[in-house]
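Structure assessment
So you can see what is in the structure, the chains are spelled out below.
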Amino acid sequence: MSSPFSTSPSDRVRIVVATSVMLTFISYWRAAAIVLNDLGSSAFYAAGIAEQAVGKTAPWFIVAVMLFSFTVRAVYVESCSMFVRGGVYRVVKEALGGTLAKVSVSALMFDYMLTGPISGVSAGQYIAGLINDTFTLADAHGWVPRALHHAAGGVPQIDVNWAAVVFAVTVTVYYWWQNIKGIHESSEKALRVMQVTTVMVIILLAWSGLTLFKQGYQPVPLPTPENLSFTPESLGFLKNFPDLPKLFGILGILMAFGHSVLAMSGEETLAQVNRELAHPKLKNLKRAAIIIAIYSFVFTGITALLFVMIIPDSVRVPVYKDNLIAGLAMYLWGPQLLRLLFRAFVVVVGFLILSGAVNTAIIGSNGVLNRVSEDGVLTDWFRFPHKKFGTSYRIINLVVILQLLTILASRGNVYVLGEAYAFGVIWSFTFNSLAMLVLRYKYKGERGWKVPPNFRIAGHEIPVGLASVFLVLLSTAIINLFTKSIATMAGITFGVVFFAIFTISERVNREKFALARAGMKEHFQLLQRDTVAREPLGIRPGNVLVPVRDYNTLHHLKWALERVDTNEQDVVVMTARLTPFGTAAYDLALEQIFSDYEQLLFTRAVSVAESFGKHVSLLVVPARDVWSAIVQTANNLESSAVVSGVSSKITPQEQALELGRAWEAMPQPKRQFLLQVVHPDGKVDTFHIGPHSPTMKTEDIHLVHRLWLNITREKGLDKVHHNDIVTEALTRFARDYTGRDRDDILRDLRKISGQPVTSRSITVDGTKVPLKPPPEQGGKRGKQDEGPSTPPIVGPG
Amino acid sequence: MAVLTVFIRILEGMFVAGSIGSLIVLIVTAVEDIETLLGFDEKEPAKEASAR
């Protein structure tokens, strides 16, 4: 498909813009783990908030919400089966237009703004609660020094709420810095966290079962209007009508349901991970969704019932309302020390999953704001990359400042945060389901799956299931407007402010984009391609790929251009348009991928090339991960070398390792290439990416030769070659490595690898050597620097 | 008060109707989920939506 600018004069610089994001695909288990890191975290606080709002019958409503979450999940599966890049923004924009899409994104942002604070504060509550209970236990045993006891005026205790604030601020600042640096978040980490959480859940459920068997249980009052007890806070604007819930009956049930919806927060993450799911996508999405729904039902729903069944009424809300799992651990059957140890384990798991949710909130909101910024709804100013790290630091700063203000304003009160959080959660779901309902009539494209049941009457489809889910969500969202006064005021204020920012920015951008388009028309010719290939760029195999990101550091491009004869070998300048986690769920238009920043970057790159009088080909690829993007691009373009600058974050060795990992993850067929990392002072580190012949030291060659001499003197072995010696040695090595000598081998290798490497720099001898493309490889091997004697791929000038 | 009563009754009606329908969704999808988990849907060709 050609670009709208393809009728340009031939002197314009041609840029190929790939529109398919280069992703590394993940299994449904990993996808489920990512979603559960968000969804599962609500188990730590949702039940406590619900019980404070509606009374002892709250667990039944948590169970009802978790069952209802199965149907919300079904709506997301349908939306993801229609739009691979789904998510509330995309779906609502498609169905209801830009204005409501902006409103829905404002609700989603409100959700994210509270996910971080509530998770951080909740984790702080668990930690502070453990510290206080440890002090109490220690004091009872006389382990606390008398001086400290007297100074504290009794058992030393810390202020739980303020300690939670300090903890939440610390965690948020920590993850702010991680996001500013752009540390890649892996699905591996999410999987590990969920594995540890699963161990905790299994112990918790088994031990709770034993406790119920040994000690009996307290009944959980049935969810009838008579058993509901609303506080003035939980009645919100209806506090002057305290009898309404009982008067109407079902209204009370609806209000209680509304106070429990935050238990299913995190479903939106399902749409965000969908894009990265491995083939077969729909089936894997369904599998991930089933795992998520069952896991969160068991974890959040069943534990909510156990809280009331096991923890005595006298302490459940007064003492443990903000750390109920810790309270449950303390009232299990068994020795106190064992219970305290298990509680410490609960706190560790809570810390992992809740602090992970703080990070997810920053990453998610950064992703959503990046996406709307790319869509022209926020000005490019927000997306401007960090000078050193290349991240969208202004958006991250904005998000984190808002989150820090929220934490401070809450003063560590999880209930207030939870009430407000529910506003964003329910409205985000409501917009999504409404949009899906509209799309049943508006969208004529293919659907992989539909929410059942659907009936046909007079040729018209009646989406009974989808409409039912929407009705529950809408009625809950409306009642929450009345019962959650703080959330309504905060949510509407936040939504209006964000909506105004979006609208004003969009108007400013509209004029700016018109000018930018004109400028782009004048200088660049954009050629849109779905995938990266050599043909659109008009380049030969064996080219040199030069990834660029910061227009201030193009020394590696200069280095490559100095040395490559472009008549014999092509140079491709490539930039990866990174789409952070969350934005991969959304589609990018041509002008969004090639934005103002890419325009400036390529203008500088072209200027450098012109200063050498050489031609370069230009390429933009959207990518989730820069390493995968470089490796996949080099493979698709049959590049023989990648010339990179030194990263500001990691060493050249680590750069090579990351590229090697990405190479290993790439499907067959794949080709080797050389990586040359150019330092600002001209020093170059060279690495082989993919399988390759190792460079042997002279003494090793002599050793092989000596062995060969000795072996060929043996009877019947006169025809043995040098490579036979190496083959036999390697076979024996492999056998020893898998056997009992593994530790010895590893110790020796550690000793060897600890020795300093003599040099990795490439010498400069003045010749220009065209690169020969390495052969296609079927093997799967690592990435390894091979020392100094590897011939330079690019001869010096 | 009459307006409030009508409003509340509408909300209750929406919630009850939606809950009944959602229960049906839950039951029908649970059957599909069991089939997916047990691999009964392996023979069905996967219908993948085209990326838009």
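Residues numbered from 1 in each chain as written. Chains lettered and ligands numbered in written order. Predicted model: local features only at pLDDT ≥ 70, side-chain atom pairs only at ≥ 80, totals over all residues.

**Focus on the overall build of chain B**
- Per the secondary structure count, chain B includes one helix and zero strands.
- Counting over 52 residues, chain B shows a buried share of 19%. (Helix = DSSP H or I, 4+ residues; strand = E, 2+ residues; numbered from the N terminus. Buried ≥ 20, exposed ≤ 12 C-beta atoms within 10 Å, placed from the backbone.)

**Some points on the overall build of chain A**
- Of regular secondary structure, chain A possesses 29 helices and 13 strands.
- Split into buried and exposed, the 797 residues of chain A put 50% on the buried side.
- A sequence separation of at least 24 residues applies to 83% of the contacts in chain A between residues at least 6 apart. (Contact = placed C-beta atoms within 7 Å.)

**Some details on the nonpolar core**
Residue and element names in this part refer to chain A.
- Ile62, Ile292 and Leu328 are the most contacted members of the largest nonpolar core, which has 171 residues in total.
- The contacts of Ile62, once residues within four sequence positions are left out, are Ala46, Ala47, Ala50, Ser260, Ala263, Thr300, Gly301 and Ala304.
- Counting 51 residues, the second-largest nonpolar core is a separate cluster that includes Val548, Ala576, Leu619 and Ala623. (Core = buried A, V, L, I, M, F, W, Y, C linked by C-beta atoms within 7 Å.)

**Considering helix H18 (residues 414–442) of chain A**
- The terminal C-alpha atoms of H18(A) lie 41 Å apart, and with 29 residues this matches the ideal 42 Å at 1.5 Å per residue to within 8%.
- Counted residue by residue, H18(A) has 24 buried out of 29 residues, so it is predominantly covered. (Expected span 1.5 Å × (residues − 1).)

**Looking at the interface of chain A and chain B**
- Tallying the contact residues gives 40 residues for chain A and 26 residues for chain B.
- The class makeup of the residues in the side of chain A that touches chain B is 25 nonpolar, seven polar and eight charged. (Nonpolar A, V, L, I, M, F, W, Y, C, P; charged D, E, K, R; others polar.)

**Some details on the environment of A:Asp380**
- Summarising the element assignment, A:Asp380 is placed in the loop between helix H16 (336–374) and helix H17 (393–410).
- In the structure, A:Asp380 is positioned ten residues away from A:Asn370 in sequence and 9.2 Å away in space, judged by C-alpha atoms.

**Things to note about helix H1 (residues 2–38) of chain B**
- The end-to-end C-alpha distance of H1(B) is 53 Å, a good match for the 54 Å that 37 residues give at a rise of 1.5 Å each.
- Buried residues of H1(B): B:Leu11, B:Met14, B:Phe15, B:Gly18, B:Ser19, B:Gly21, B:Ser22, B:Val25, B:Thr29 and B:Asp33, and no others.
- Packing partners of the buried residues in H1(B) comprise helix H3 (58–82), helix H11 (250–258), helix H13 (281–310) and helix H19 (464–483) of chain A.
- Looking at the residues trailing H1(B), positive phi occurs at B:Gly39, about 80°.

**A word on the packing of H13(A) against H1(B)**
- Packing of H13(A) against H1(B) brings their axes to within 10 Å, and their N-to-C directions diverge by 110°. Classified by the interaxial angle, the pair formed by H13(A) and H1(B) is roughly perpendicular. H1(B) is crossed by H13(A), and the crossing has left-handed handedness. Mapping the contact onto sequence places A:Lys286, A:Arg287 and A:Ile290 in H13(A) and B:Asp33, B:Thr36 and B:Leu37 in H1(B).
- Here the residues of the contact of H13(A) with H1(B) are counted per class, giving two nonpolar, one polar and three charged. (Axes fitted to C-alpha atoms, helices over the stretch in contact; angles between N-to-C directions. Parallel < 35°, antiparallel > 145°, perpendicular 65-115°, else oblique. Left-handed = near helix turned anticlockwise from the far one by under 90°.)

**Overview of the confidence of the model for chain B**
Residues and elements named next belong to chain B.
- Mean pLDDT over chain B stands at 80; residues scoring 70 or higher make up 77%.
- Across residues 44–52, confidence stays below pLDDT 50; counting only partners more than four residues off in sequence or on other chains, it has 21 contacts.
- Model confidence for the complex: the whole-complex pTM is 0.70, and ipTM, which rates the interface, is 0.85. (pLDDT = per-residue confidence, 0-100.)

**Some words on unusual backbone geometry**
Residues and elements named next belong to chain A.
- Cis geometry is adopted by the peptide bond preceding Pro453, which originates at Pro452 and carries an omega value of -10°.
- Along the polypeptide, Pro453 turns up in the loop between H18 and strand E2 (455–457).
- The amide bond that connects Gln668 to the next residue, Pro669, takes the cis arrangement and shows omega of -5°.
- Note on placement: Pro669 falls in the loop between helix H26 (652–665) and strand E9 (670–671).
- Residue Arg411 is not a glycine yet carries a positive backbone phi of 50°.

**Structural notes on the packing of helix H1 (residues 28–39) of chain A against H13(A)**
All names here are of chain A.
- Their axes nearest at 9 Å, the elements H1 and H13 cross at an angle of 40°. Judged on the interaxial angle alone, H13 and H1 are oblique. H1 and H13 meet at a crossing whose hand is right-handed. Here Tyr28, Ala31, Ala32, Val35, Leu36 and Leu39 of H1 lie close against H13, whose contacting residues are Asn284, Arg287, Ala288, Ile291, Ile292, Tyr295 and Ser296.
- Residue composition of the contact of H1 with H13, by class: ten nonpolar, two polar and one charged.

**So, the pairing of strand E11 (residues 684–689) of chain A**
All names here are of chain A.
- Most of E11 sits out of view: six of its six residues are buried.
- Of the two faces of E11, the one lined by Val684, Thr686 and His688 and the one lined by Asp685, Phe687 and Ile689 are each fully buried.
- The sheet contact formed by strand E10 (residues 673–678) and E11 spans six bridges and is antiparallel. Note on E11: the bridge partner recorded for Val677 is Asp685.
- What sits between E10 and E11 in their antiparallel hairpin is a turn of five residues, with Gly682 showing a positive phi close to 95°. (Pairing = 2+ DSSP bridges.)

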